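# Remarks on the overall topology
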Amino acid sequence: MAFSEPHLHGVSRTLFVTLAARARGAALFPHLGFQDPAAEAVCDALGIDPAQFARTAECVYGVVRRSMVIDEIVARFADEHGAATVLNLAAGLSTTFERAGRADLSWFDLDLAEPAALHRTLIAPAPARRLVVGDIGRPGWTQGLSLPPGPLLVIAEGIMPYLTVDCVAGLLDELGAGFADRPLRLAYDTFAFTMVGMARLHPSIGPLARTDPSIEFRSGVRSMSDYAVGRADWPLRDVTPVMEGMGPLHSLACLGFSAAFGVPFYAVAVLDHHPRG
C-alpha cells in the first residue's frame, strides 16, 4: 500500500519521522534491546517505508535512545510513586504507553485535533489511557484537564526544540500553576544552541522544514541552567546525553562538544517542580 500523508499541519508532520525511527530501531541497533512492535504495526497500517522518513542511522539511534531514556524515567517514576499519572504532551503517534506496559499508571496522551484523530484511528484504545485534544501553546490549557489527584509525570518528547525559549518558559509556568498541588516532574528532550535555525539541514526533518517554514528548531541550551529556562521553581534533577553511545567516533565528537560548550549536543532533561513560598 502506497503512503498517502494524512492531513496534518506544521510540526505535527514530524510525527512520521519519530514513528519511523522507532520502527527501524530493532533492525538497525539490535544490541540496544529496543522493541516497538506497536510503531512497526502503525507504519504497516499507513503503508510507510520507515527508511523514507527516518533517513539516517543517526536519526534512528537518537530517537531510539531518547525513547529508551523516557521509558526508564517512566518506570522509575512509577516505581517511586506507585499509582501515578503520566501526561504525554504533543503525543502524536507515541507508543510510549504500549512500551511501558504499566497497569498502575493513569495515562493521558494530549495533542492537537488532527494528530489526535490520527492516533485514535491507528492505535488501539486501552482502559488506562485517555486521548485528550489540547493546545499547549494556549494559556490556561491545563485548566480543561481532569487528571486524577496524586503524583504527575509530564513528558514533552520531540516538541521543545520547535518552541521558542519564551514558549518553553510559558509551558513550565503553566504546568507549575496548573499542578502545584501534587508532586510534579517534567521530562523533555532538547538540542544545544547550535541547532537553532538548522532544521532544514537535518537529514530527516529537513525535507519537511524546507517546504514548511513553520517547522524550525527555535530553542536550544547554552548552559546547564538553560534547561530550566530561568525558572527557580523547576530545579534540574538530571540530564542524560542521547547520542554518545552510537559508536566511538560519535562518542568522541559528543564528548568534545560537551567539553567545548558545557552542555550535551542532544539530551533528555528531568526537572522537578518545587512551588515557591
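In the block above lies the structure referred to throughout.
This is a predicted model, so every value here is computed, not measured.

## Overview of the overall build of the protein
From N to C terminus, the protein includes nine helices and seven strands. Computed over the C-alpha atoms, the radius of gyration of the protein is 18 Å, within 12% of the 19 Å expected from 2.2 N^0.38 for a compact globule of 277 residues. Across its three principal directions, the C-alpha atoms of the protein cover 50 × 45 × 35 Å. Relative to its full complement of 277 residues, the protein shows a buried share of 54%. In the protein, once contacts between residues fewer than 6 apart in sequence are set aside, the share between residues at least 24 apart is 74%. Carbon and sulfur atoms provide 57% of the accessible area of the protein, an area that totals close to 12,000 Å².

## Here's the deal with the pairing of strand β5 (residues 184-191)
Among the eight residues of β5, eight are classified as buried, and the element is accordingly described as predominantly covered. Burial of β5 is two-sided: the residues Leu184, Leu186, Tyr188 and Thr190 facing one way and the residues Arg185, Ala187, Asp189 and Phe191 facing the other way are all buried. Handedness of the crossover is the feature at issue here: the chain leaves strand β4 (residues 152-156), passes through helix α7 (residues 165-178), returns alongside β5, and the resulting connection is right-handed. Across seven bridges, β5 lies against strand β7 (residues 266-272) in antiparallel orientation. Bridge assignment links arginine 185 to a residue of β7, and that residue is aspartate 272.

## A few points about the packing of helix α1 (residues 15-28) against helix α4 (residues 57-81)
Look at α1 against α4: their axes get within 8 Å of each other, and the N-to-C directions meet at 95°. In terms of orientation, α1 lies roughly perpendicular with respect to α4. Packed against α1, whose contacting residues are Val17, Thr18, Ala21, Arg22, Arg24, Gly25 and Leu28, the element α4 presents Ala57, Cys59, Val60, Val63, Val64, Arg66 and Ser67 at the interface.

## Comments concerning helix α2 (residues 37-46)
An α-helical turn contains 3.6 residues, so a residue and the one three or four places further along point in the same direction. Inspection of α2 places Ala39, Val42, Cys43 and Leu46 among the buried residues, and these make up the whole buried set. Along the axis of α2, the buried positions cluster into a sector of 100°, meaning they face one direction only. Opposite the packed face of α2, turned more than 90 degrees from it, sit the exposed residues Pro37 and Asp44. Each element contacted by the buried residues of α2 is listed here: α1, α3 (50-53) and α6 (113-122). Glycine 47 occupies a position one or two residues after α2 and carries a positive phi of about 75°.

Criteria and cut-off values
Residues numbered from 1 in each chain as written. Predicted model: local features only at pLDDT ≥ 70, side-chain atom pairs only at ≥ 80, totals over all residues. Heavy atoms only, no water. Helix = DSSP H or I, 4+ residues; strand = E, 2+ residues; numbered from the N terminus. Rg over C-alpha atoms; globule rule 2.2 N^0.38 Å. Buried < 20%, exposed > 50% of the residue type's maximum accessible area, 1.4 Å probe, protein only. Contact = heavy atoms within 4.5 Å. Areas by Shrake-Rupley, 256 points an atom, 1.4 Å probe, with all protein chains shown as cover. Right-handed = clockwise from strand over helix to strand, strands pointing away. Pairing = 2+ DSSP bridges. Axes fitted to C-alpha atoms, helices over the stretch in contact; angles between N-to-C directions. Parallel < 35°, antiparallel > 145°, perpendicular 65-115°, else oblique. Arc of directions from axis to C-beta.

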